[in-house]
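Residue strings, one per chain:
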Amino acid sequence: MSISQKRREFRLRITYPTLAKLPPVVAYAFADLLGRRDARSNHDLRVALGNGFDKAMPGLTADARENLIREQALMLSREVMDAWLLPRLDARTLGSMVTVDNVAALEEARSEGKGVLLIMAHYSRLVLLLAALGARGFEMGMLTMRIDEANPDLLPCERRYLSQKVSALRAMLRGGWVSLGDPMRPLYEGLRRGEIWIVLLDAYHSEFGRQMDYPFLDGELSLPSGIDRIMAKTGARAVFASVRENGPRRLRGRFTRLPDDPASVMAAAVSELEVDVRAAPAQWWQWNILDYLWNRGGRE
C-alpha cells in the first residue's frame, strides 16, 4: 500500500468520522486544512490532476495550474466531510447551505408522469444538492457504480466509506438503489411508474462496453451508452442537474430540461457539463482519469 493509500485509509477510517462529530462549521474548517495539505504534499494527487489539466488546458500558467490543484483538493475534502455530516444536516441547515435555481424544470418533467432521469456528473459536492432535494420532499432512486467486493478498484476503507455515504443519502431520498451489473428491472419499472432516478453520465470503469464520443473542451469526451437506451425503453424525461461551490458552506444548484429525444439527450447533457467545467474547472472530479475519458479529437 502506497503512502497516499495509507493516508486515505487513516482519514476515511478515523480522521473524517471523528471530525464529523464537531459542529459543522468547525468540521469544514478542518476539512479545508486537510485539503490544503493534500494540495501541497499529496504527490499522487498533484501528478494526476496536473496531467489532466495540462492535457486539456495546455496554456495554463504555473500559478493557474497550482490554483486549480488547490481548489480541487479543497472541494474533494469538503465533499468527504459532507458525506460524514449528512445524518446531522436537517432540512433547515441544508436550505441555508444549498440554493437551488430552476428546480421547476424537475417538477415540470415529473408532472408529465413519464419518469425522470436526473442526469448529473462527478462535479462539485453533488451529494449536498441531492440531500437538499430530499429535504424538499423529492423521492429519488440512484444508479451507481458497484461499491462492494465486485469492484476491485476500491480499497476496503473506500468501500466502507461509500457504503456509509450511500446509506445516509438513501435515507434522505427514500428511493431505490441499483448498482451497475445488477438487474436493471427496478430502475426500468420505477421510471415507468413515474419515479425520478439519478444517473451520473461521466462514470468510468475499464469494463464498460460500447462508448460514444461527444464534443467537450475542444476535444471529445468518451462515455458509455446507456442513458439513451433507458429513455428509449421507458419514455422517461431527462433533466440535467449540477451544483457549484460558492464557499465551504454555500452552494448553488441548477436544473436544465434536456431533450425528450433519446438520440439527442447525451450530447445535450455533455454540453451542460462543459458549461460547468469551463466556468469552474477545478470542481470536476475526473481530471485525474482524463486519459481514459477524453481525447484531443479522434482516437489517440
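These numbers come from a predicted model, not from an experiment.

Chemist: Tell me what's going on with empty space enclosed by the protein, and back it up with residues and numbers.
Modeler: As enumerated under the stated definition, the model contains one cavity of 30 Å³ or more in all. In terms of lining residues, the largest cavity is bounded by Met120, Ala121, Tyr123, Phe240, Ala241, Ser242, Leu273 and Asp276. Those elements that provide at least two residues to the lining of the largest cavity are β8 (237-247) and α11 (262-279). Here the lining of the largest cavity gets three residues from one element, more than from any other, and that element is β8. Within the lining of the largest cavity, the residues separate by chemical class into six nonpolar, one polar and one charged.

Chemist: Account for the pattern of salt bridges, with residues named and values stated.
Modeler: Under the defined criterion, the tally for this structure stands at 28 salt bridges. One salt bridge in this structure joins Asp32 and Arg78, with 2.7 Å as the shortest N-O distance. Taken together, the positions of Asp32 in helix α2 (residues 24-41) and Arg78 in helix α4 (residues 62-85) put the pair 46 residues apart, joining distant regions of the chain. For Arg78, a relative accessible area of 9% translates into the label buried.

Chemist: Run through the environment of Asp54, naming residues and quoting values.
Modeler: With respect to the helices and strands, the residue Asp54 is situated in helix α3 (residues 43-56). Separated by eleven residues in the primary sequence, Asp54 and Arg65 place their C-alpha atoms 8.1 Å from one another.

Chemist: Residue-level account of the packing of helix α10 (residues 227-234) against α11, with values.
Modeler: The geometry of α10 relative to α11 is characterised by a closest axis approach of 8 Å and an angle of 145 degrees between their N-to-C directions. Crossing angle aside, the handedness with which α10 passes α11 is right-handed. From α10, Ile227, Asp228, Met231 and Ala232 reach across to α11, where they touch Pro262, Val265 and Met266. Looking at the contact of α10 with α11, its residues break down into six nonpolar, no polar and one charged.

Chemist: Break down the pairing of strand β9 (residues 250-257) for me, with residues and values.
Modeler: Where strand β1 (residues 98-101) lies against β9, four bridges are found, and the strand directions are parallel. Each bridged residue has a counterpart across the sheet, and for Asp101 the counterpart in β9 is Arg254. When β8 meets β9, the two strands line up antiparallel, connected through eight bridges. For Phe240, the partnering residue across the bridge sits in β9 and is Thr256. The loop that links β8 with its antiparallel partner β9 comprises two residues.

Chemist: Give me the lowdown on the nonpolar core, citing residues and values where you can.
Modeler: If you look at the biggest cluster of nonpolar residues, it comprises 56 residues, and the most contacted ones within it are Leu118 and Phe255. Filtering out sequence-adjacent residues up to four positions away, Leu118 remains in contact with Leu106, Leu130, Leu133, Met140, Ile196, Trp197, Ile198, Val199, Val239, Ala241 and Phe255. The next biggest cluster of nonpolar side chains, apart from the first, holds 45 residues, and it includes Ala121, Leu143, Leu221 and Ala280.

Chemist: Kindly report on the packing of aromatic side chains, identifying the contributing residues and their values.
Modeler: Inspection of every chain in the model, using the stated rule, returns five aromatic pairs. Taking the centre distance of 5.0 Å and the plane angle of 25 degrees together, the rings of Tyr204 and Tyr292 count as stacked. Of this pair, Tyr204 sits in the loop between β5 (196-200) and β6 (211-216) while Tyr292 is found in helix α12 (residues 290-293), placing the two residues 88 residues apart along the sequence. Assessed through its relative accessible area of 28%, Tyr204 is described here as partly exposed. Aromatic rings pair up to connect Phe53, Phe216, Trp284 and Trp287 into one cluster.

Thresholds applied
- Residues numbered from 1 in each chain as written.
- Predicted model: local features only at pLDDT ≥ 70, side-chain atom pairs only at ≥ 80, totals over all residues.
- Heavy atoms only, no water.
- 1 Å grid on protein atoms, 1.4 Å probe; cavity = no way out; pocket = protein on both sides within 12 Å on 5 of 7 lines; lining within 4 Å.
- Points joined across faces, edges and corners; volume = space filled by probe spheres on them.
- Helix = DSSP H or I, 4+ residues; strand = E, 2+ residues; numbered from the N terminus.
- Nonpolar A, V, L, I, M, F, W, Y, C, P; charged D, E, K, R; others polar.
- Salt bridge = Lys/Arg side-chain N within 4 Å of Asp/Glu carboxyl O.
- Buried < 20%, exposed > 50% of the residue type's maximum accessible area, 1.4 Å probe, protein only.
- Axes fitted to C-alpha atoms, helices over the stretch in contact; angles between N-to-C directions.
- Left-handed = near helix turned anticlockwise from the far one by under 90°.
- Contact = heavy atoms within 4.5 Å.
- Pairing = 2+ DSSP bridges.
- Core = buried A, V, L, I, M, F, W, Y, C linked by side-chain atoms within 4.5 Å.
- Phe/Tyr/Trp six-rings, centres within 6.5 Å; stacked < 30°, edge-to-face > 60°.

Bear in mind that shape data such as this cannot, by itself, settle questions of function.
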